[in-house]
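The lines below spell out each chain.
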Amino acid sequence: MSIISDIVESTKSIIKGMSVTFSYIPKAKWTVQYPEEPVTLQPRYRGQHLLHVDELGREKCVACYLCAAACPSDCIYIVAADDPRAPEERTGVDERYAEVYNIDYGRCIFCGYCVEACPKDAITHGYNFELSVYNRADLLKTKDDLLITKQKQSPNYRVAFSDEDVDSEYKEV
Amino acid sequence: MTTAESVKVTINGQEFQVQKGAPLIDVCRENGFAIPSFCYYADLALQASCRMCLVRIEKMPKLQTSCTITCTDGMIVTTQSEEIEKAQRGMVEFLLANHPLDCPVCDRGGECELQEMVFDWGGLEERFTERKNYYPEKFLSPIVANDPQRCILCKRCTRVCDEWMGEDAIEAGGRGANTVIGTFGGWLNCSQCGNCIEVCPTGTLLDATYRHQTRPWELERTVSTCTFCSDGCQMSLGSRAGELMRVVARDRYVDGINGEFLCIKGRFAHPFVNHEERLRTPLIRYRKGGKLIPATWDEAIRFTAAKLQEIKDAHGANSIGVVGSPRLTNEANYVLLKFAREVIGTEHYTASEAFSLAPFFKHMTAPLATHKDIRHAKTIVLIGGEPEELQPLTAKQVRQAVRNGGAKLVIINSVPVRLKQQATQFLHVRPGTEDALVLALAGQTDDAMAARKMGVEVGEIEPLRRMIDETQGNVVLMFGGELSTEAQTILAQLPGSIGDEENRRFLFHPLPLFNNSFGVHDVGLMDGKLNATGLLDAAGDTVRALYVAGGLLPAHLQGREQALQNLDFLVVQELFATDTTAHADVVFPAASFAEIDGTYTNNDGLVQRVRQSIPPVHQAKPDWVITSLLADALGIDFNYQMSASAVFREIGEHVPAYQGLRYPLLKDESKPVQAKYQLAGQRAEVADVLAELRQRVERMTGAGDKIMETPEVGHELFKIGTLTGKVPQFHLLAAGNPEPPDVLVSPLYQITIDSGLRRDTAIAGD
């Protein structure tokens, strides 16, 4: 190959590539105005976990450790305990409950295996993604942070309906 | 003994030469053909109720249960075929018809045989839509929880309770699909060994002390040796995050001399390890009558070393006594002995042992029996002792030898012990007259005199002698602490004088009380000038300071409380604050068996490993490390470099019976190594001992009442000691195991025996 053909070929490639880039310049731009305006999340978004309770307010978790076993990043720590009280007074739905339930969000990779493993539907992914903290230790969330009754929804997001077209809601700038 | 005939069996087209009469299931498994089963359990009576081990045997009309078939010549067996698999899958479906799907809350989940079987043989969906039989989960005792619904009726528990423990406390009631495993009156009053829990293939019987605590896969497992009696059962410690959670002997984790057998202490009395009352730091009492004040290790070691040096300089080396303990490892006792001899230079060293076996070891003319030997013995002579309470594994082996092996058992005891149910002959003697029998067996007195002293018929001694004479196989001679040292000596010489016959062999099985009673003898700690009581009696007089590792026995302290006060200086290494530490000037927090590496020597003479399961709690240190630190402070470096194996290597070099032993040789608990004890020949000097024994027997009054009452189950097992007292459940058992008003709730939450046991915090899961 001669030098001339090299130059021609490479110029062609550059033009081809840059044409894509330049073609976006006149087009409309999509920007999410977070945190001034709430973000819309997909229904199956995997945010901070929720520990659920039943209709009587008892924790659904029976501390079976399956989530901890399924966790690839080993970020769930549970201490199981026995609650001998009558069913209505119990902390959980069963005699066995999680006395301690910690998730270390410094390690969690939001893979959702724990949710899949749970035989009692006690843990699901919520939508909260605002997990940044100033102190590394604060990334360790305890039962008090994870229980659905203790979590407050942030005003900074809303969850889309399953048939909603989320993208169209973004604004043109 | 006849050698078993060899027969040819064809399994799945391959030919094998096997022993005639061997169970087909074992033969198949040994040759690599997996056969599922629930109810089959080696060395228990056959049950054939689970129907999982089905095989096709040619010329037999139906599928056969391989656990009940014994091998015969020319048998052609198929273990895998479509027909067999269909039958097995059908069986699993039936087993699951009543089994609840509560694996997430079941403590067996993760190590459940049913779960594993369902993975292999279960269907994807359940075709039974009928209601399952419902029974609530309940408690059978403070330490046995029961969920009848999970039961698959393999009846391993009932067979174990009957054959191993001889208690028949747990049985099947009801019929057909409504059969439930239960107890008489709904409450379990037995020795609470928990073996039913261990052998249960499902979560029907569960450990109530470990209930709902964690899950098996979360536990870090360590094989170790039990620290409660001289049988030295092998067990698997399960720990999590520096806490000892449970002790089991499941054959999937550990394969020791005891199989899956453990007693209540071994299995349940472990919570002392992480108990909050464990000593946390070294403590120093700076002036007599003052308080024990927490100190740093450096300060405590320096203080102790200075004091010991001071006393040694003022009163001489022999004014310092060193007391080891038969509860400590060989390493700890050896280093202690080395400390006494080389650093202090004292002749006053001993161990707080209940009775000395030193004369026995010196005159032993027959080898020691292993527990396997006991199981296959033909005649067992038990003089004194109460193995069902003090050495439960020995008792189990004796029971099985009689029940399953047809052995003859002779018991000579002043107490009608429970084991006498199995005895061929029971000589009920007056308290303290067991010596007379030894004299009679040695042929040194006429039976009439011995019988008169013991309070038995004259004719009762001759059958015993004949039984020993006629035995074809092993004769195991067991004895407890009731025998005087003279009688032990004569008994030790007995096999030599009777002589071996072609098919008869004598074996000894002493029944000391502690886990390392043999070890303290072996390392030489019992060879000191004075014994523990002797040292205490000399306290304040010739003995000015004591260095006690592991605490003194209550039996030794009784009536000698003042002795410890008389000492100028008392150093104690302990786990907990005890009667001994109450008088101590310096207390070192020692590490428990779960926190150290080491070895124990059991009553078979097997040297078995103790392994570290959790790091030492608080600031505790292993006993031998503390002694080494003291030696270092006194100017002699033992140079063990913090390694228990270095200590054991030195033991292997210096203790004759342990010659050549190293940790790597003791690695496999399924092939335990016996210490090489030197057998003594017939000794002339025994004549003196014999004369002394004869005098002793002649001095016996030959009058007095016999003890007629059979001791209650658990009178020794449930005793509240320093260690067992840390388990709340033991307090309930010691108080007579009262039945709570509601068996559905843990008795611990309903009955308060001891207000010191933190009932409320226990409810909060603390």
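All values reported here derive from a predicted model rather than from experimental measurement.

(A) Seen up close, the overall build of chain A. Secondary structure summary: chain A contains four helices and nine strands in total. Reading chain A from its N end, one meets helices and strands in the order α-β-β-β-α-β-β-α-β-β-α-β-β. The C-alpha atoms of chain A give a radius of gyration of 24 Å, which is well past the 16 Å a tight globule of 173 residues would have. Each principal axis of the C-alpha distribution contributes one length, and for chain A these read about 85 × 40 × 35 Å.

(B) Geometry of the overall build of chain B. Within chain B one finds 26 helices and 28 strands. Each of the three principal axes of chain B carries a C-alpha extent, and together these read 90 × 65 × 50 Å. The buried share among the 766 residues of chain B stands at 60%. Considering only intrachain contacts with a sequence separation of at least 6, the fraction spanning at least 24 residues in chain B is 70%. Carbon together with sulfur atoms contributes 49% to the accessible area of chain B, which is approximately 30,500 Å² in total.

(C) Region of interest: the sheet that holds strand β13 (residues 243-248) of chain B. All names here are of chain B. Judged by pairing direction, the sheet is antiparallel, and its three strands sit side by side in the order β11-β12-β13 without closing on themselves. One side of each edge strand has no neighbouring strand; the edge strands of this open sheet are β11 (220-225) and β13. Between one strand and the next, the sheet's axes are offset by a mean angle of 35°, whatever the strand orientation. Two elements, β11 and strand β12 (residues 234-240), share six bridges in a ladder whose sense is antiparallel.

(D) Geometry of the sheet that holds strand β4 (residues 76-82) of chain A. Judged by pairing direction, the sheet is antiparallel, and its three strands sit side by side in the order β4-β5-β7 (chain A) without closing on themselves. Two strands close off the open sheet at either side, each with one partner strand: β4 and β7 (140-141) of chain A.

(E) The arrangement of the confidence of the model for chain B in detail. Residue and element names in this part refer to chain B. When the pLDDT values of chain B are averaged, the result is 91; 98% of them are 70 or greater. In this model residues 758-766 is a low-confidence stretch, pLDDT under 50, and it forms 16 contacts with partners more than four residues away in sequence or in other chains. Scoring the predicted complex yields pTM 0.91 and, for the interface, ipTM 0.84.

(F) Up close: the domain arrangement of chain B. Domain annotation of chain B identifies domain 1 (6-95), domain 2 (103-274), domain 3 (283-354 + 521-644), domain 4 (358-510) and domain 5 (708-719 + 730-766). Here domain 3 of chain B and domain 5 of chain B have C-alpha centroids that lie 34 Å from each other.

(G) Broad picture of the packing of helix α8 (residues 330-344) of chain B against helix α22 (residues 644-654) of chain B. Residues and elements named next belong to chain B. Taken N-terminus to C-terminus, the directions of α8 and α22 make an angle of 70°; their axes are 10 Å apart at the nearest point. Looking at the two axes, α8 sits roughly perpendicular to α22. Seen from above, α8 lies across α22 with left-handed handedness. On α22, the residues touching Asn330, Glu331, Tyr334, Val335 and Lys338 of α8 are Ala644, Val647, Phe648, Glu650, Ile651 and His654. Counted by class, the contact of α8 with α22 contains six nonpolar, two polar and three charged residues.

(H) Up close: the interface of chain A and chain B. Of the residues lining the interface, 20 residues belong to chain A; the matching set on chain B comes to 19 residues. Carbon and sulfur atoms make up 52% of the area that chain A and chain B hide from each other, which totals about 1,600 Å². It is A:Asp82, A:Pro84 and A:Arg96 in chain A that bury the most area against chain B; as a group they hold 37% of the surface buried on that side. At the boundary of chain A and chain B, one finds three salt bridges. With its nearest N and O atoms 2.9 Å apart, the salt bridge here joins B:Asp107 to A:Arg96. Put simply, chain A and chain B have nine residue pairs in polar contact (both at pLDDT 80 or more) between them. Elements represented by at least two residues in the side of chain A that touches chain B include exactly α2 (66-70), β4 and β5 (96-104) of chain A. No other element matches β4(A), which puts six residues into the side of chain A that touches chain B. Residues of the side of chain A that touches chain B, tallied by class, amount to 14 nonpolar, no polar and six charged.

(I) View of the packing of helix α13 (residues 434-441) of chain B against helix α15 (residues 461-470) of chain B. Residues and elements named next belong to chain B. Running from N to C, α13 and α15 cross one another at 55°; their axes reach a closest spacing of 11 Å. In this view, α13 runs oblique relative to α15, as classed from their interaxial angle. Pair α13 / α15 crosses with right-handed handedness. Residues Leu437, Ala440 and Leu441 of α13 lie in contact with α15, whose contacting residues are Ile461, Leu464 and Arg465. In terms of residue class, the contact of α13 with α15 is built from five nonpolar, no polar and one charged.

(J) A look at the packing of aromatic side chains. With the rule as written, the count across this model stands at 23 aromatic pairs over all chains. Ring centres of B:Phe518 and B:Tyr677 lie 6.4 Å apart, and the angle between their planes is 85°; on these two criteria the pair is classed as edge-to-face. Separated by 159 residues along the polypeptide, B:Phe518 in helix α17 (residues 517-523) and B:Tyr677 in the loop between β28 (673-674) and α23 (686-699) bring together distant segments of the chain. Of the two residues, B:Phe518 and B:Tyr677, neither departs from the other in class, the shared state being buried. What links up through ring pairs into an aromatic cluster is the set B:Phe360, B:Phe361, B:Phe479, B:Phe508, B:Phe518 and B:Tyr677. The ring of A:Tyr24 has A:Lys27 lying over it, and the distance from NZ or CZ to the ring centre is 4.5 Å.

(K) Just helix α7 (residues 297-315) of chain B, in detail. Residues and elements named next belong to chain B. For α7, which comprises 19 residues, the first-to-last C-alpha distance of 27 Å matches the rise-based estimate of 27 Å (1.5 Å per residue) to within 8%. Regarding α7, the residues found buried are Trp297, Ala300, Ile301, Phe303, Thr304, Ala305, Leu308 and Ile311. Glycine 316 lies just past α7 and shows a positive phi near 95°.

(L) Structural detail: the side chain of B:Glu111. Residue and element names in this part refer to chain B. Examined against the element boundaries, glutamate 111 turns out to sit in the loop between α2 (82-97) and α3 (113-121). The class of glutamate 111 is buried, set by a relative accessible area of 1%. Of the polar contacts made by the side chain of glutamate 111, one reaches the side chain of arginine 246; its length is 2.8 Å. Excluding residues that lie within four positions of it along the chain, glutamate 111 makes contacts with Glu116, Pro216, Arg246, Arg250, Arg252 and Tyr253.

Each value, and the rule that gives it
Residues numbered from 1 in each chain as written. Chains lettered and ligands numbered in written order. Predicted model: local features only at pLDDT ≥ 70, side-chain atom pairs only at ≥ 80, totals over all residues. Heavy atoms only, no water. Helix = DSSP H or I, 4+ residues; strand = E, 2+ residues; numbered from the N terminus. Rg over C-alpha atoms; globule rule 2.2 N^0.38 Å. Buried < 20%, exposed > 50% of the residue type's maximum accessible area, 1.4 Å probe, protein only. Contact = heavy atoms within 4.5 Å. Areas by Shrake-Rupley, 256 points an atom, 1.4 Å probe, with all protein chains shown as cover. Pairing = 2+ DSSP bridges. Axes fitted to C-alpha atoms, helices over the stretch in contact; angles between N-to-C directions. pLDDT = per-residue confidence, 0-100. Domains from an automatic or database assignment. Parallel < 35°, antiparallel > 145°, perpendicular 65-115°, else oblique. Left-handed = near helix turned anticlockwise from the far one by under 90°. Nonpolar A, V, L, I, M, F, W, Y, C, P; charged D, E, K, R; others polar. Buried area = accessible area lost by both parts, 1.4 Å probe. Salt bridge = Lys/Arg side-chain N within 4 Å of Asp/Glu carboxyl O. Polar contact = N/O pair within 3.5 Å; in protein donor to acceptor, adjacent residues only side chain to side chain. Phe/Tyr/Trp six-rings, centres within 6.5 Å; stacked < 30°, edge-to-face > 60°. Lys NZ or Arg CZ within 6 Å of the ring centre and 35° of its normal. Expected span 1.5 Å × (residues − 1).

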